[in-house]
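# Coordinate inspection notes
Single-letter residue listing:
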Amino acid sequence: ADGIFSIAIGGRVVIDGVRGGTQSVITADGGVKVQYLSPSTRRWVDFSAERVVIYTRGDEPVTGVSQFGTGQIEGIYLEGGVYAGDAQWSVRAPRMYLDVVNNKALMLDTVFWTTDRETDMPLYVRADSVRQSAKDEFLAENATISNTAFFEPDVTIGIKNIKVTLDTPGEREAESDPRPGVIVEAKSVTLKAGPVPILWLPGFKGDPGDFPLRQIQ
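Per chain, the residues get numbers from 1 upward, laid out in the order the sequence is written. Reporting in this predicted model follows two pLDDT cut-offs: at least 70 for local features of residues, and 80 or more for side-chain atom pairs to be given and counted; totals over whole chains, interfaces and linings ignore these cut-offs and use all residues. Side-chain metrics rest on all non-hydrogen atoms present in the structure, leaving aside hydrogens and water.

### Observations concerning the overall build of the protein
Per the secondary structure count, the protein includes one helix and 15 strands. Among the 217 residues that make up the protein, the fraction classed as buried is 42%. Taking contacts inside the protein between residues at least 6 apart in sequence as the whole, the part at least 24 apart equals 48%. All accessible-area figures derive from a Shrake-Rupley calculation using a 1.4 Å probe, and residue coverage is judged against the displayed protein chains alone. Surface exposure of the protein reaches about 11,300 Å², of which carbon and sulfur atoms provide 50%. Counting from the N terminus, the helices are DSSP H or I runs at least four residues long and the strands are E runs at least two residues long. A 1.4 Å probe rolled over the protein chains alone gives each residue an accessible area, and that area as a share of the maximum for its type sets the label: buried under 20%, exposed over 50%, partly exposed in between. Pairs of residues are marked as contacts when any of their non-hydrogen atoms sit within 4.5 Å.

### Describing the nonpolar core
Side-chain atoms within 4.5 Å are what join buried Ala, Val, Leu, Ile, Met, Phe, Trp, Tyr and Cys residues into a set we call a nonpolar core. Among the nonpolar cores identified, the biggest contains 45 residues, and Phe47, Ile76, Leu78, Met96, Val125 and Ile162 are the most heavily contacted of them. In contact with isoleucine 76, not counting residues within four places along its chain, are Phe5, Val52, Val53, Ile54, Met96, Tyr97, Leu98 and Val100.

### As for the confidence of the model for the protein
Averaged over every residue, the pLDDT of the protein is 79; the share at 70 or more is 74%. pLDDT: the predictor's confidence for each residue, scored from 0 to 100. The secondary structure element of the protein with the lowest average pLDDT is helix H1 (residues 171-176), at 55, and the one with the highest is strand E4 (residues 32-37), at 95.

### Side note on unusual backbone geometry
The phi dihedral of aspartate 109 is positive, around 50 degrees, even though this residue is not glycine. Structurally, aspartate 109 is set in strand E10 (residues 104-115). Its relative accessible area of 45% is what places aspartate 109 among the partly exposed residues. Even without a glycine there, the phi angle at asparagine 142 is positive, about 50 degrees. Position of asparagine 142 relative to the elements: it lies in strand E12 (residues 137-146). When its relative accessible area of 47% is taken as the criterion, asparagine 142 is described as partly exposed.

### What about the environment of glutamate 74?
Tracing the backbone shows glutamate 74 in strand E8 (residues 73-85). Considering only alpha carbons, one finds glutamate 74 and asparagine 102, 28 residues apart in sequence, at a separation of 8.9 Å. When sequence neighbours within four positions are dropped, the list of residues in contact with glutamate 74 reads Gln23, Tyr55, Thr56, Arg57, Tyr97, Leu98, Asp99, Val100 and Val101.

### What to know about the pattern of salt bridges
The term salt bridge refers to a pairing of a side-chain nitrogen on Lys or Arg with a carboxyl oxygen on Asp or Glu at a separation within 4 Å. One pass over the structure, following the stated rule, counts seven salt bridges. Close ionic contact of aspartate 29 with arginine 12 constitutes a salt bridge, the shortest N to O distance being 3.4 Å. Here aspartate 29, found in the loop between strand E3 (23-28) and E4, pairs with arginine 12, found in the loop between strand E1 (4-9) and strand E2 (13-18); they are 17 residues apart in sequence, far enough to count as distant. Between aspartate 136 and arginine 43 there is a salt bridge, with the nearest N and O atoms lying 3.3 Å from each other.

### Thoughts on the pairing of strand E6 (residues 51-56)
Strand pairing requires that DSSP identify at least two bridges connecting the strands. Alignment of E3 against E6, held across four bridges, turns out to be antiparallel. The residue bridging valine 25 from the neighbouring strand is tyrosine 55, located in E6.

### So, the packing of aromatic side chains
Aromatic ring pairs: the centre-centre distance and the angle between the two ring planes describe each pair. Each Phe, Tyr or Trp ring (for Trp, its six-membered ring) is paired with any other whose centre lies within 6.5 Å, and the angle between the two planes then decides the class: stacked below 30 degrees, edge-to-face above 60, tilted in between. In this structure the tally under the stated criterion is five aromatic pairs. Relative to phenylalanine 112, the ring of tryptophan 89 lies with its centre 6.5 Å away and its plane at 25 degrees, an arrangement referred to as stacked. Note that tryptophan 89 is positioned in strand E9 (residues 89-99) and phenylalanine 112 in strand E10, a separation of 23 residues in sequence. For the pair formed by tryptophan 89 and phenylalanine 112, the shared burial category is buried. When the ring of phenylalanine 112 is compared with that of phenylalanine 138, the centres are 4.7 Å apart and the planes differ by 40 degrees; the resulting orientation is tilted. Residue phenylalanine 112 is located in strand E10, and its partner phenylalanine 138 is located in strand E12; the two are separated by 26 residues in the primary sequence. Linked through ring pairs, Trp89, Phe112 and Phe138 together constitute an aromatic cluster.

### A few points about the side chain of threonine 56
Relative to the assigned elements, threonine 56 resides in strand E6. Judged by its relative accessible area of 3%, threonine 56 falls in the buried class. A 3.5 Å cut-off defines polar contacts: any pair of N or O atoms within that distance qualifies, except that in protein one atom must be a possible hydrogen donor and the other a possible acceptor, and neighbouring residues in sequence count only when both atoms are side-chain atoms. Here serine 24 takes part through its backbone nitrogen, which lies 2.8 Å from a polar atom of the side chain of threonine 56. Once you skip the residues sitting within four places of it in the chain, threonine 56 turns out to touch Gln23, Ser24, Ile26, Val62, Phe68, Gln72, Ile73 and Glu74.

### So, the environment of valine 125
Position of valine 125 among the secondary structure elements: in strand E11 (residues 122-134). Considering only alpha carbons, one finds valine 125 and isoleucine 145, 20 residues apart in sequence, at a separation of 4.4 Å. Setting aside chain neighbours within four positions, we find valine 125 in contact with Thr110, Val111, Phe112, Ala140, Ala143, Thr144, Ile145 and Ile162.

As structure tokens, this is what we get:
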């Protein structure tokens, strides 16, 4: 993917050269802000964390750390109060790894949230791990979903595996409402009242407006 990473670092920076001095590992702490911008699609994603490790690639030695093209970075590891998001989705996690080469991401102990454009329904996913497998596709394992931001909501849905696909609005439509359409695909679904299971379903696929959570708003 084309794009530029702009980086602002609030603390110290250490650059270690490896593999003959042409590839580097950049370590920084003290608060880090990163923004990814794709000039061709105008899509952006903001990241922030306490610490960051950037693994570079290519034959050119690193001379600065404020801006990199995607072709210069192999991966980015973020740690400590990690936030990532754009106008359509947001994620919080203690740790996150961005596989820049393959355009994927892995987040651990994650809270992911978005809002469906059609139903105006918020969707919160808490999971052991969340993988961003494509630009608008997220896969979660051992997840709990709800329509409230409370850490322990009264009614939740426990799911072994869930895929959330965002239907990004067109450029003209996004000017008035940037929120995406949301499609949920889940396997091994358990509706819970507090810790007590009250309904089990083998799976679900469709608009979250048709999900059991829609009935408990």
